[in-house]
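One letter stands for each residue in the lines below.
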Amino acid sequence: MNTAGHSAATAHRGLELTPFRGLRYDPDRVGSLAAVTSPPYDVVVRPDGLHHLESSDPHNIVRLILPQAATPSARNEQAAVTLRRWLSEGVLTTDPEPGLYVYEQRDGDGMLQRGIIGALRVSDPAEQVVLPHEDVMPHVVADRAALMRATSANLEPLLLTYRGDDSATATADLIERTAGRPPLLATTTEDGFSHRLWSLTAPADVATIQTDLARHQALIADGHHRWATYRRLRAEHPSPSPWDHGLVLLVDTARYPLRVRAIHRLLHDLPVDAAVAALDGRFRVHRLDVPLPEALEALADAACAGNAFLLAGDGSFHLVDRPDPGLLARTVPADRPAAWRTLDATVLHATLLDHVWHIPEDSPDRIAYIHDTAATVAKAERDGGTAVLMHPVREEVVRDLARQGVTMPRKSTSFGPKPASGLVLRALDL
């Protein structure tokens, strides 16, 4: 890096959040706000969830984030045409003033999450302002980039976390005071979560948040591919431009701890009996004829002692644990920290997928990544494939590796609750 470039990069300190004019559904033009929302694009279980969302309301956001057509270019053009039509028809309207948005999610089990939605300056990895913890798949980044180019919009916010301290109490207090006011919108989605949104447009309030966040770095909790997309698109457009920023939700996990869940794998063309047979002498395999909750308890117990997985797809569960140490020594790269080498996701990708089952992790026709446990099992049983169920990684392990600059295998974790897509969008040409 040249001296001028280095000085420019190091001149930035911490997170830089900018107000924007949010693009939101007009509640009078849609059936309900809940009916037009969706989980993030990569959480929708295709095709079941996609069809369900499309049929819930003709204006559901899934028609923008997962457009359906014969070719990728046709899909992206369709999303762009749909977005322009909804804007011209007044289905989507632009808020009159730029602002930051306080966003709250709450469920019936006592989970409460509040954070700030804004346009975050897109930074380079060397700045260590936004820390990724997972690798990305190039074809997914290319797909998201093409969609964002076509629509000229950030259609759904990433989920980023930071650890607040005494310097961030002003922002925390502001969020709490704001949550006591009537919201811009309130809705409850079919997953039982209630959502509320407020805008902050007063210059003093915006300045308070910007000053606090400038002292912090963030961890990408959900949205690695979209962050990589933001970076690609920023590089394509001469600065300054709207592409210098990307839509994010920032949550202080010191006050609002996230749930960390696993992301499971569905191996399309590998029957369970073949998957189990290939493990002979390499892992211990124990068949479990029990319901899913009990099988997951057995997985959790086994994970306390070392690497463990559950295979499903034939009506039973197969607990896979106690890998052969020699096999791990031959297949797991030795040039990473021990915390990385012993991750279940590392062993899954380096040992099981690459060496035992010979399945490339970046082949969408052979492997799918699914967040919902029961859905993964059901699809494996229906399609004759193998579900590989994972045990979640602790947040502190994720953050420690990210601070060391070590990325985990892709789709290693699922932080939540994730922001609902469709509550506020960012158009880059408005």
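Up top is the structure.
Residues numbered from 1 in each chain as written. Predicted model: local features only at pLDDT ≥ 70, side-chain atom pairs only at ≥ 80, totals over all residues. Heavy atoms only, no water.

So, the pattern of salt bridges
Counting across every chain of the model gives 22 salt bridges. For the salt bridge of R114 with E104, the shortest nitrogen-to-oxygen distance reads 2.7 Å. Here E104 lies in strand β4 (residues 100-106) and R114 lies in strand β5 (residues 112-121), a separation of 10 residues in the sequence. Residue R114 shares its accessibility class with E104, and that shared class is buried. The residue E127 makes a salt bridge to R121 at a minimum N-O spacing of 2.8 Å. You'll find E127 and R121 in the same group, each marked buried. Each of E104, R106, R114, E176 and R196 takes part in a single network of salt bridges with overlapping partners. (Salt bridge = Lys/Arg side-chain N within 4 Å of Asp/Glu carboxyl O. Helix = DSSP H or I, 4+ residues; strand = E, 2+ residues; numbered from the N terminus. Buried < 20%, exposed > 50% of the residue type's maximum accessible area, 1.4 Å probe, protein only.)

Here's the deal with the environment of S316
Residue position: S316 is located in the loop between β16 (308-312) and β17 (317-321). The class for S316 is buried, based on a relative accessible area of 4%. Remark: the alpha-carbon pair of S316 and D289, spanning 27 residues in sequence, is separated by 5.3 Å. In contact with S316, other than residues within four places in its own chain, are R287, L288, D289 and L311. For S316, the side chain forms a polar contact with the side chain of D289, separated by 2.5 Å. (Contact = heavy atoms within 4.5 Å. Polar contact = N/O pair within 3.5 Å; in protein donor to acceptor, adjacent residues only side chain to side chain.)

Some points on the sheet that holds strand β14 (residues 264-267)
For sheets, the rule is that strands pair by backbone hydrogen bonds, running either parallel or antiparallel. Read across the sheet, six strands follow the order β15-β17-β16-β19-β14-β18 without closing on themselves; strand pairing throughout is antiparallel. Edge positions in the sheet fall to β15 (284-288) and β18 (367-370), since each of these pairs with one other strand and no more. Looking at each pair of strands side by side, their axes are set apart by 25° on average, direction ignored. Looking at chain direction, β15 and β17 are connected through five bridges and run antiparallel. (Pairing = 2+ DSSP bridges. Axes fitted to C-alpha atoms, helices over the stretch in contact; angles between N-to-C directions.)

A short note on unusual backbone geometry
For the bond from S239 to P240, the omega torsion is 0°, close enough to zero to count as cis. Turning to its location among the elements, P240 is positioned in the loop between α9 (224-236) and β12 (245-252). Residue P417 follows G416 across a cis peptide bond; omega there is 5°. With respect to the helices and strands, the residue P417 is situated in the loop between β20 (414-416) and β21 (426-427). Look at S152: it is not a glycine, yet its phi comes out positive at around 50°. On the secondary structure map, S152 appears in the loop between α6 (138-151) and β7 (153-154).

Regarding the pairing of strand β19 (residues 386-389)
Side chains T386 and V388 of β19 all project onto a buried face; the interleaved residues A387 and L389 project onto the opposite face, where all are buried too. One ladder, built from three bridges, connects β14 with β19; its direction is antiparallel. Directly across from R265, in β19, lies its bridge partner V388.

Focus on the pairing of strand β9 (residues 185-188)
Successive side chains on a regular strand alternate, one facing one side of the sheet and the next facing the other. Residue alternation in β9 divides its side chains into a buried set, L185 and T187, and an unburied set, A186 and T188. Sheet analysis places β9 next to strand β10 (residues 194-200), joined by four bridges and oriented antiparallel. What sits directly across from T187, in β10, is H195. The turn joining β9 and β10, which pair antiparallel and follow one another in sequence, is formed by five residues; a positive phi near 90° is taken by G192.

Considering the nonpolar core
In terms of nonpolar packing, the biggest core is built from 111 residues, with L17, Y25, I117, L250, F309 and W357 touching the most fellow members. Considering each element in turn, this core owes the most residues, seven residues, to helix α14 (residues 344-356). If you look at the next biggest cluster of nonpolar residues, it comprises 16 residues, including L310, I370, A387 and L389. (Core = buried A, V, L, I, M, F, W, Y, C linked by side-chain atoms within 4.5 Å.)

Notes on α6
Between its terminal C-alpha atoms α6 stretches 20 Å, which fits the 20 Å expected from 14 residues at 1.5 Å a residue. Taken residue by residue, α6 has V140, V141, R144, A145, L147, M148 and T151 as its buried positions. The buried residues of α6 occupy one face: seen down the axis, they fall within an arc of 165°. For α6, the elements touching its buried residues are α4 (62-65), α5 (72-89), β7 and α9. Once α6 ends, the next one or two residues include S152, with phi positive near 50°. (Expected span 1.5 Å × (residues − 1). Arc of directions from axis to C-beta.)

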